[in-house]
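Here is how the chains run, residue by residue.
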Amino acid sequence: MEKGYLVLASGQIFEGYRFGSLASAIGELVFTTGMCGYLETLTDPSYAGQIVLQTYPLIGNYGVIPADFEGNCHIRGYVVREPCQHPSNFRCGGTLDGFLKERNIPGLWGVDTRQLTRIIREHGVLNACICSQVPEDLAPLRNYAVTGAVDAVTRKAPFVYGAQGETRFRVALLDCGAKNNIIQELCQRGCAVTAFPANAPAETILGAGADGVLLSNGPSDPAENVYQIEQIQKILGKIPLFGICLGHQLTALAAGGRTYKLKYGHRGVNQPVRDLNGIRTFITSQNHGYAVDGDSLKAGRISFVNTNDGTCEGIDYPGLRAFTVQFHPEARCGPQDTAFLFDRFVALMKGGEW
């Protein structure tokens, strides 16, 4: 076993063992609390530019299952307490170590992930590097920033996904790092989905003959995406719109609101969200480091809030035929808890009211 190190921008050093690629990498260190779903985490484009720390101690026990991938892997590194060397699952097609090696992504295991999580919770997210030798100069580590992430993860050309069964509606999806299951949820409801690159102009999206627009999840600081915000401003009010995660934040910015960076974000499958339009609290899957400032909203009304910290988790824009949520309804934590939001989008395209 080859020794390796996780070096934090604060100067703290954690010794462990290398797996995956033996390359060195710098990234923004974040933790996620999911007890399962590591394949969805590894292939969620929203983690672009980040080193992902799993708080659950054993990772990789059901191996690698390509059918469960949400997209391409864009993480910078992977840190676990213990990787499973001998996965057991009838769908298993490989090991976690092999998955990381194939994609040149460094991993580190054998470190105290509980202590690391406490550091992030107290300090906030911070930069880190995975390496075989501790660097003498930490300036590159401290100066690292996740930028241009949406352009890096979006598709390069439009692609059409056919509806399952009879085509009832056509949806234009702005791919800022879309998870595959978002597309599947729409296709299962009779929607043909045309996925556009994130740099597609509003005129192209509106001219595609779609019945509705879905703004996908994606990585990094939403305010960085000035072009996308301008295009959403041109789309709002002209066609039913549903935004998820980054799409929620971009819509708020387009409508005159503000966003801000959370101390350590919401990442995991156990985030409680309260419905302000009803009496229920849902357990949701989330992956974001930024939030919408609810007090800054010039249009729309808050529909969901995070039960833990009160942050904005959803906004309705009745006058614009649009609604957005910060969490991931396609992830099915319950396993069906908030999938009804896709039905709501379909009803809106059908001409229904709120």
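Residues numbered from 1 in each chain as written. Predicted model: local features only at pLDDT ≥ 70, side-chain atom pairs only at ≥ 80, totals over all residues. Heavy atoms only, no water.

Student: Mind showing me how you'd approach the environment of threonine 311 here?
Tutor: Mapped onto the secondary structure, threonine 311 falls in the loop between strand E17 (301-306) and strand E18 (312-317). Residue classification places threonine 311 among the buried residues on the basis of a relative accessible area of 8%. Taking C-alpha positions, threonine 311 is 9.6 Å from leucine 262, a pair spaced 49 residues apart along the chain. In this structure threonine 311 touches Tyr260, Leu262, His266, Phe304, Val305 and Asn306, once residues within four positions along its chain are discounted. (Helix = DSSP H or I, 4+ residues; strand = E, 2+ residues; numbered from the N terminus. Buried < 20%, exposed > 50% of the residue type's maximum accessible area, 1.4 Å probe, protein only. Contact = heavy atoms within 4.5 Å.)

Student: Explain the packing of aromatic side chains to me, please; I cannot follow it from the model alone.
Tutor: For any pair of aromatic rings, the description rests on two quantities: the centre-to-centre distance and the angle between the ring planes. Counting across every chain of the model gives 10 aromatic pairs. With centroids separated by 5.1 Å and ring planes inclined at 35°, the aromatic side chains of tyrosine 17 and tryptophan 109 adopt a geometry described as tilted. Of this pair, tyrosine 17 sits in strand E2 (residues 13-20) while tryptophan 109 sits in strand E8 (residues 106-109), and the two are 92 residues apart along the sequence. The partly exposed category is assigned to tyrosine 17, whose relative accessible area is 28%. Residue classification places tryptophan 109 among the buried residues on the basis of a relative accessible area of 19%. Ring plane angle 40° and centroid distance 5.6 Å describe the contact between phenylalanine 282 and phenylalanine 340, whose orientation is recorded as tilted. Taken together, the residues span a long stretch of sequence, with phenylalanine 282 in strand E16 (residues 281-293) and phenylalanine 340 in helix H10 (residues 340-349) at a distance of 58 residues. (Phe/Tyr/Trp six-rings, centres within 6.5 Å; stacked < 30°, edge-to-face > 60°.)

Student: How should I be thinking about the environment of glycine 11 in this particular structure?
Tutor: Mapped onto the fold, glycine 11 is located in the loop between strand E1 (3-8) and E2. C-alpha of glycine 11 to C-alpha of aspartate 97: the two residues are 86 residues apart in sequence and 28 Å apart in space.

Student: For this particular structure, what's the right way to read the packing of helix H8 (residues 226-235) against helix H9 (residues 246-254)?
Tutor: For any two helices packed against each other, one specifies the crossing angle of their axes together with the interaxial distance. It is at 9 Å that the axes of H8 and H9 come closest, and there the two elements cross at 70°. Taken together, H8 and H9 sit at an angle that is classed as roughly perpendicular. Residues Gln228, Ile229, Ile232 and Gln233 of H8 touch H9, and the partners they reach there are Leu250, Thr251, Leu253 and Ala254. Per-class residue counts for the contact of H8 with H9 are 5 nonpolar, 3 polar and no charged. (Axes fitted to C-alpha atoms, helices over the stretch in contact; angles between N-to-C directions. Parallel < 35°, antiparallel > 145°, perpendicular 65-115°, else oblique. Nonpolar A, V, L, I, M, F, W, Y, C, P; charged D, E, K, R; others polar.)

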